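These are the residues of each chain, in order.
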Amino acid sequence: MSNHFRLRKGSEVSVLTNQTVPIAQRLIHAISVFSVFSTSAMLGFVFIQAPRVPFVKNTGEAYMRPVERQESAELDKYGGYKKVTGQATGYWHLETINDKNAFIDPLGNAFTMIGMVKTRRGNYDDSAYQAQYAGHGSQWARETSLFLTNTLGMNTLADRSEHTEFKKPFVQKMPYMVLANFLSPEAPREEAEWPDPWSLEYLTKVQTESATLSRLYGSDPYLVAIKPFNETNINLRNPDGTENPWADWWHVLIDPQYGHTAAQAKWIEFMTTRYNNNITTLNEVYGTSLDSFSELEPLGLDLFDKFEEVTEEEEVAAEIVFADTVYWTADFYGEANRVIAQELKAVMPNVLISTEGFRNGIVEYPILQAIGSSTDFTILNYYVSAEEGTPNKDYVNSYAEPSGNPVLIGEFSFTGDPCSLSNDGATYPHVATQTDRAEAYLKYRNAALLIPSVIGVNWNELVDAPIHDGTREYDCTYVNFGFQDRQLQPYTEMITAGGDRWFNFDTIRWSEVTSQGDIPNAFGSVNLTPINSRKKPRFYVDPVVNTGADRMKWYKIDPLNPKADPPFTMQTRVGIQKMFNDF
């Protein structure tokens, strides 16, 4: 009986046939089977051949993994600068080296983040994208990662990027940031979309999102940080001191239309403490006739209605209303961030957590102070005009000082032709040519890196952004944000103009340079026109000290100098009418 016609079942052997097969016939059969399998294998190699990737060695399972960046004499596989080192902890963290703040990568090298926000395909013209990639996202990611690192000198996929595509086979790995989903949508515009940070519902949502983030990213050494949300309009004022029209969410959850909430109870407790349980004082300030603090639920602060147009007699009351709003916002916003840090660190203890990306504006000192212990660094989305050219050091530090955390420039850009309009009709910083865009980018980036508190600079965004607003007539269809147009073509003039200067950011950051003039040819002259020349000084209130006398410090400040010495100290709130007379 022929042994090669047996089928093994565990320890038993089932006989399929008892026919005796001659040796010659066995040989012919074996040759035939070998020929069939050999031919099939060759055809499979011809028609299903894996793409050639010269910098990947075929080592079995590793062949299907993403590709680590090739190290150089100066840079490690993450893009960390080997000449400046911190502690090699195996995870991303922050240190201060030579009086400069810095990310430290898992290998212990200083990492200056130069990132691209919105590295994604959604802005491409679909026909052009399909013609070039036929929907193969991994091929796009492979080419894009090399374009960012080898052409533009960038080292990070900043938030709102398709970072999952960069984890696929044959794609060069890059450090990345993740924008989480602790609030939905990304930047709330409707009051009811804000959660109650003291509620069980919010805690459950944060726990669920934290568990998801841990499952997806918890063991990935290329994850730099998690950003909880972006541009929630927490800034009550615009850069020039006027009202931010979107900052009307602060009274959410204390309005009866939302029902009884945990935040309402906190609001009553907050105001009772601020007014030392004296309802008469509150009534004088707000022009109300409440009998007790329990009636505060329907009270609206009407902040800017009262703040922008007041008589001289009403000015002090208006400033107290503003102070109430600032500190209530600090409580509300501080609790939202505290819960995120508590739950996220519970499942990802070594992860870095940023603030949201603050839009251009004035975020009051107590609000930034309230989130200092819950966040590791502050993100400032900071656009300047072509005339200003560079970030203002004092303005940047006004975001760093309250919390003691370093600052990441989360977004900036300069647009060129054909369009510089946003979807809502605003105008982004604009220059004349693509060469001017390169010069503006380098001028801004390099000036930012001379600010010790700055740990990185991210450009917004890879591809020109289409305008979808059908309510206005425009002379263009997209905003020239990108290093690529919507047809997937790079702006060659812009890229060529930058040359080797795209790559010199570590040299600039870690040199002994203290001013732009010390690097004569690095980026040309820098205009440091102080932005406070276009800001109106406004009143600012120190935290209330609820100890006996319950005194408040009031002083008029420049937003760029929040710690200026107060010229006088007001008396206790109980004598509110006396305060009017004193003014």
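As the structure is a computational prediction, the values presented were derived from the model and not from experiment.

Each value, and the rule that gives it
Residues numbered from 1 in each chain as written. Predicted model: local features only at pLDDT ≥ 70, side-chain atom pairs only at ≥ 80, totals over all residues. Heavy atoms only, no water. pLDDT = per-residue confidence, 0-100. Contact = heavy atoms within 4.5 Å. Salt bridge = Lys/Arg side-chain N within 4 Å of Asp/Glu carboxyl O. Buried < 20%, exposed > 50% of the residue type's maximum accessible area, 1.4 Å probe, protein only. Helix = DSSP H or I, 4+ residues; strand = E, 2+ residues; numbered from the N terminus. Polar contact = N/O pair within 3.5 Å; in protein donor to acceptor, adjacent residues only side chain to side chain. Pairing = 2+ DSSP bridges. 1 Å grid on protein atoms, 1.4 Å probe; cavity = no way out; pocket = protein on both sides within 12 Å on 5 of 7 lines; lining within 4 Å. Points joined across faces, edges and corners; volume = space filled by probe spheres on them. Nonpolar A, V, L, I, M, F, W, Y, C, P; charged D, E, K, R; others polar. Axes fitted to C-alpha atoms, helices over the stretch in contact; angles between N-to-C directions.

K.L.:
I'm lost on the confidence of the model for the chain in this one. Help?
P.N.:
For any part of a model where pLDDT is low, the fine detail of the predicted coordinates should not be relied upon. Looking at the chain, the pLDDT average stands at 75 and 66% of residues meet or exceed 70. Taken as a whole, residues 40-64 scores under 50 in pLDDT and shows 18 contacts with residues more than four places along the chain or in a different chain. Scored below 50 in pLDDT, residues 303-310 shows 21 contacts in the model against residues more than four places distant or in partner chains.

K.L.:
Can you walk me through the pattern of salt bridges in this structure?
P.N.:
Think of it this way: side chains of opposite charge can pair up when their charged atoms draw near. Summed over all chains, the structure comprises 15 salt bridges. Among the salt bridges present, the one from K77 reaches E68, with a minimum N-O distance of 3.2 Å. Relative accessible area serves as the criterion here: at 18%, K77 is assigned to the buried category. Taking relative accessible area as the criterion, E68 reaches 38% and is therefore assigned partly exposed. Among the salt bridges present, the one from E162 reaches R121, with a minimum N-O distance of 2.6 Å. Residue E162 is located in the loop between β8 (156-157) and β9 (176-179), and its partner R121 is located in the loop between β7 (113-117) and α2 (126-133); the two are separated by 41 residues in the primary sequence.

K.L.:
What is the right way to read the environment of K82 from this model?
P.N.:
Tracing the chain through its elements places K82 in strand β3 (residues 81-85). On the accessibility criterion, K82 (31% relative accessible area) is partly exposed. With 27 residues separating them along the chain, K82 and N109 place their C-alpha atoms 5.5 Å apart. The residues contacting K82, other than those within four sequence positions of it, are E71, S72, A73, E74, L75, D76 and N109.

K.L.:
Is there a simple way to explain helix α10 (residues 393-400) in this structure?
P.N.:
Helical geometry note: an α-helix holds 3.6 residues per turn, so side chains three or four residues apart project in the same direction. The buried count for α10 comes to six of eight residues, which makes it a mostly enclosed element. If you check which residues of α10 are buried, you get Y395, V396, N397, S398, Y399 and A400. Packed against the buried residues of α10 are β11 (352-358), α9 (365-370), β12 (377-381), β13 (407-411) and β14 (454-460). Sitting at the head of α10, N392 places a side-chain oxygen 2.9 Å from the backbone nitrogen of D394.

K.L.:
Please explain the pairing of β7 as it appears in this structure.
P.N.:
Every other side chain in a regular strand lies on the same face of the sheet, so the side chains alternate between the two faces. Of all five residues that make up β7, five are buried, and the element is covered over most of its length. Residue alternation in β7 divides its side chains into two sets, M113, G115 and V117 and I114 and M116, and both sets are buried. Inspection of the sheet shows β7 paired to β14 by five bridges, in the parallel sense. The residue bridging I114 from the neighbouring strand is V457, located in β14. With two bridges connecting them, β7 and β8 associate as parallel partners. The partner of M116 across the bridge, within β8, is L157.

K.L.:
How do you make sense of the layout of surface pockets when you look at a structure like this?
P.N.:
A probe matching the size of a water molecule, rolled over the atoms, marks out where space remains unfilled. Looking at the second largest pocket, its volume works out to about 260 Å³. What lines the second largest pocket is a set of 18 residues, among which Y91, G218, D220, N350 and V351 lie closest to the centre. When contributions to the lining of the second largest pocket are tallied by element, the ones reaching two or more residues are α4 (200-217) and β10 (223-227). Within the lining of the second largest pocket, the residues separate by chemical class into 12 nonpolar, five polar and one charged.

K.L.:
Explanation requested: the sheet that holds strand β6 (residues 109-111) in the structure shown.
P.N.:
Pairing between the strands of a sheet is mediated by backbone hydrogen bonds and can be parallel or antiparallel. An order of β3-β6-β5-β4 is seen for the four strands of this open sheet, with the pairing classed as antiparallel. The outermost strands of the open sheet, each flanked by one partner alone, are β3 and β4 (93-97). If you compare each strand with its neighbour and ignore which way they point, the axes differ by 60° on average. Pairing of β4 with strand β5 (residues 100-104) involves five bridges; the strand directions are antiparallel. Across the sheet, I97 pairs through a bridge with K100, a residue of β5.

K.L.:
It is not clear to me how unusual backbone geometry should be interpreted in this structure. Could you clarify?
P.N.:
Backbone geometry follows two general trends: most residues other than glycine have a negative phi, and most peptide bonds adopt the trans configuration. Of the consecutive residues N460 and E461, the connecting peptide bond is found in the cis state with omega at 15°. As for its placement among the helices and strands, E461 is situated in the loop between β14 and β15 (465-466). At K118, a position not held by glycine, the phi torsion is positive, near 55°. If you trace the backbone, K118 turns up in the loop between β7 and α2.

K.L.:
What is the right way to look at the environment of A73 in this model?
P.N.:
Of note, A73 is situated in the loop between α1 (23-47) and β3. A73 gets classed as exposed once you look at its relative accessible area, which sits at 75%. Considering only alpha carbons, one finds A73 and K83, 10 residues apart in sequence, at a separation of 9.3 Å.

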